[in-house]
Amino acid sequence: MDQLSFTRGKRNWGYAFRYGHLEIKREDFLMIAEAMLGGSDMIPQRTVNSL
């Protein structure tokens, strides 16, 4: 969890989600997508580039 900017060094990082939404940085989004999709082609490159 120390790889994401919104969790790094924060013990209670989940508290930020208490209202249901949290804007995250592009780099965090891409890291999460990579972990979930395992490098698949499910996210078109034009979508990734437009973030």
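Read on for an overview of the structure.

Rules behind the numbers
- Residues numbered from 1 in each chain as written.
- Predicted model: local features only at pLDDT ≥ 70, side-chain atom pairs only at ≥ 80, totals over all residues.
- Heavy atoms only, no water.
- Patch = residues over 30% accessible without salt bridge, like charges linked within 9 Å, V, L, I, M, F, W, Y side chains within 5 Å.
- Areas by Shrake-Rupley, 256 points an atom, 1.4 Å probe, with all protein chains shown as cover.
- Salt bridge = Lys/Arg side-chain N within 4 Å of Asp/Glu carboxyl O.
- Helix = DSSP H or I, 4+ residues; strand = E, 2+ residues; numbered from the N terminus.
- Phe/Tyr/Trp six-rings, centres within 6.5 Å; stacked < 30°, edge-to-face > 60°.
- Buried < 20%, exposed > 50% of the residue type's maximum accessible area, 1.4 Å probe, protein only.
- Lys, Arg positive; Asp, Glu negative; His and termini not counted.
- Polar contact = N/O pair within 3.5 Å; in protein donor to acceptor, adjacent residues only side chain to side chain.

1. As for a nonpolar patch on the surface
Item 1. Nonpolar side chains collect at one region of the surface, where W13, F17 and L22 lie side by side and expose about 230 Å² of accessible area between them.
Item 2. For F17, the location among the structural elements is in the segment before α1 (26–37).

2. Focus on the packing of aromatic side chains
Item 1. Following the criterion strictly, the structure yields 3 aromatic pairs and no others.
Item 2. Taking 6.1 Å as the distance between ring centres and 85 degrees as the angle between the ring planes, the aromatic pair formed by W13 and F17 counts as edge-to-face.
Item 3. Residue classification places F17 among the partly exposed residues on the basis of a relative accessible area of 33%.

3. A look at the side chain of D28
Item 1. Tracing the backbone through its elements, the reader meets D28 in helix α1.
Item 2. Buried and unpaired, D28 has no salt bridge, with R8 as the nearest side chain of opposite charge at 5.4 Å.
Item 3. Within the local environment of D28, its side chain forms a polar contact with the side chain of S5, the two groups lying 2.5 Å apart.

All quantities given are derived from atomic positions and should not be read as evidence of function.
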